[in-house]
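Summary of the model geometry
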Amino acid sequence: MGYSIFDETMVDMKWPEVENAAGEGAIVLLPTGVIEEHGPHMGLGVDTYCSYLVCRETRRTLEKKGTKTLIAPPYYWGINSATGAFPGSFTVRKETMKALLYDILASMGRWGISYVFNINWHGDHDHNLAILEAVAKARDETGIRAYCILGEFDAKRFGLTGKESHVIIQQDPPAQGPPPKYLEIHAESTETGIMAHYFPEQVDLAMAKKLKSTDLTFKDLMVWRQGWSDARKVTPLGYFGDPAGFDVETAKALIESHAGRTADLIESFLKGNYKPPAKRN
């Protein structure tokens, strides 16, 4: 038994339903992720499941608030610079990804969809640039009002302020409790906990609990991000952090908080009340 990432998306709708929703001013959430290795204890679809999950929970909240919301088919043909050397990690050229995302947005524009909000769950640098550039190009050339929702950390990473026409910056939640003991980056306690709670058949729980922390540094992270063979030298088993330290209740609370804040952000934006977070030192 598997899980359908099409559940509650427009894939399971009939075309007149999509047409009617567009006519009623429905907005669209576009989840983006990748298919890549996530350690020896989880399947390849973690990023795609997680982006879909955030969109699903955000949609449910927005619908309760009275905002008609659709979810586009989850996008998963992304760029895996760091994990590309591992079997199962598909990666496409940046121009391929940009062209496909552009065409997806252009299609929705032709149906009369006005607003599309991208929600991404994959940190690869070129992957994120491809999304940003595709959204900006589609806005300029098709007129669709598409936006990338980014956290403050990612916005800063790409030199964005939130004043860009295609970017909406979501304020990062305040840190709670002591800092994590290990550098948690990939297939770590957070992702393992999310998958264990929402998609348990995708996790080998017995194996996860036996995995030792990678206990790596930011210098190791820089090598990891260089990708390909270097990534396998840093993390031979394909995880970066402490998978065994997962907690399903913490993971559930994280997703619920993330989706709630995303729904509030979109609602504020649609009402014209959005302001980029104040710059922090």
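Higher on the page you've got the structure.
Being a predicted model, the structure only gives us computed values, none of them experimental.

**Description of the side chain of Glu188**
Of note, Glu188 is situated in the loop between strand S5 (167-170) and helix H6 (189-198). Glu188 sits in the buried class, given a relative accessible area of 7%. When sequence neighbours within four positions are dropped, the list of residues in contact with Glu188 reads Phe240, Gly241, Asp242 and Pro243.

**Focus on the sheet that holds strand S1 (residues 27-32)**
Across the sheet, 5 strands lie side by side as S2-S1-S3-S4-S5; this open sheet has parallel pairing. Looking along the sheet, the strands with just one partner apiece sit at the ends: strand S2 (69-71) and S5. In this sheet, neighbouring strand axes are inclined to one another by 25 degrees on average, regardless of whether the strands run parallel or antiparallel. Where S1 lies against S2, 3 bridges are found, and the strand directions are parallel. Bridge assignment links Ile27 to a residue of S2, and that residue is Thr69. Contacting S1, strand S3 (115-120), strand S4 (145-151) and S5, helix H4 (residues 125-142) crosses the sheet at an angle of about 155 degrees to S4.

**Examining the packing of aromatic side chains**
Counted under the stated rule, the structure contains 11 aromatic pairs. Relative to Phe199, the ring of Tyr49 lies with its centre 4.7 Å away and its plane at 35 degrees, an arrangement referred to as tilted. Taken together, the positions of Tyr49 in helix H2 (residues 46-64) and Phe199 in the loop between H6 and helix H7 (205-210) put the pair 150 residues apart, joining distant regions of the chain. The exposure classification of Tyr49 matches that of Phe199, with both residues buried. Where Phe117 meets Tyr147, the ring centres are 5.6 Å apart and the plane angle is 20 degrees; that geometry is what we call stacked. Residue Phe117 is found in strand S3, and its partner Tyr147 is found in strand S4; the two are separated by 30 residues along the sequence. According to the relative accessible area criterion, Phe117 is buried, its value standing at 0%. Judged by its relative accessible area of 7%, Tyr147 falls in the buried class. Ring pairs connect the aromatic residues Tyr115, Phe117, Tyr147, Phe269 and Tyr274, which therefore count as one cluster. Positioned above the aromatic ring of Tyr102, the side-chain terminus of Lys137 is 5.7 Å from the ring centre. If you follow Arg232 out to its NZ or CZ, it ends over the ring of Phe86, 4.8 Å from the centre.

**Let's talk about empty space enclosed by the protein**
By the definition in use, this model includes 1 cavity of 30 Å³ or more. In terms of lining residues, the largest cavity is bounded by Asn118, Asn120, Asn128, Ile131, Leu132, Cys148 and Leu150. Elements with a contribution of two residues or more to the lining of the largest cavity: S3, H4 and S4. Among the elements that make up the lining of the largest cavity, the one with the highest residue count is H4 (3 residues).

**Details of the packing of H6 against helix H10 (residues 248-270)**
Closest axis-to-axis distance for the H6/H10 pair is 8 Å, and the angle between their directions is 90 degrees. If you check the angle between H6 and H10, you find them roughly perpendicular. Two secondary-structure elements touch here, H6 through Thr190, Gly193, Ile194, Ala196, His197 and Tyr198 and H10 through Val248, Ala251, Lys252, Leu254, Ile255 and Glu256. Taken together, the residues that form the contact of H6 with H10 break down as 7 nonpolar, 3 polar and 2 charged.

**Quick notes on the environment of Phe86**
With respect to the helices and strands, Phe86 occurs in the loop between S2 and helix H3 (94-110). Taking the C-alpha atoms as reference points, Phe86 and Arg232, 146 residues apart in sequence, are found 7.6 Å from one another. Each residue touching Phe86, except ones within four places of it in the same chain, is listed here: Glu37, Arg232, Thr235, Pro236, Leu237 and Gly238.

Rules of the game
Throughout this document, residue positions are counted from 1 along each chain, in the order its sequence is written. With pLDDT at 70 or above as the cut-off, local features in this predicted model cover only qualifying residues; side-chain atom pairs require 80 or more to be listed or tallied, and sums for whole chains, interfaces and linings still use all residues. Hydrogens and water molecules were not included; the side-chain quantities draw on all heavy atoms of the structure. Labels follow the DSSP assignment, with helices taken as runs of H or I lasting at least four residues and strands as runs of E lasting at least two, numbered in each case from the N terminus. Note on exposure labels: buried denotes an accessible area under 20% of the residue type's maximum, exposed denotes more than 50%, and partly exposed covers the range between, all computed with a 1.4 Å probe on protein chains only. For this analysis, residues touch if any pair of their heavy atoms sits within 4.5 Å. One requirement defines pairing of two strands: DSSP has to find at least two bridges between them. In this analysis, axes come from line fits to C-alpha atoms, helices being fitted only over the stretch in contact, and the angle between any two N-to-C directions falls in the range 0 to 180 degrees. Pairing of aromatic side chains here covers Phe, Tyr and the six-membered ring of Trp, requires ring centres within 6.5 Å, and sorts the geometry by plane angle: under 30 degrees stacked, over 60 edge-to-face, intermediate tilted. Criterion for a charge above a ring: Lys NZ or Arg CZ within 6 Å of the ring centre, and within 35 degrees of the ring normal. In this analysis a 1.4 Å probe is tested at points of a 1 Å grid over the protein atoms alone, and where it fits but cannot get out there is a cavity; an open set with protein on both sides within 12 Å along at least five of seven lines is a pocket; lining residues have an atom within 4 Å of a point. Grid points are joined across faces, edges and corners, and a volume is the space filled by probe spheres set on the points. Should an angle fall under 35 degrees it is called roughly parallel, over 145 degrees roughly antiparallel, and 65 to 115 degrees roughly perpendicular, with every other angle called oblique. Gly falls in the polar group here, along with every residue not listed as nonpolar (Ala, Val, Leu, Ile, Met, Phe, Trp, Tyr, Cys, Pro) or charged (Asp, Glu, Lys, Arg).

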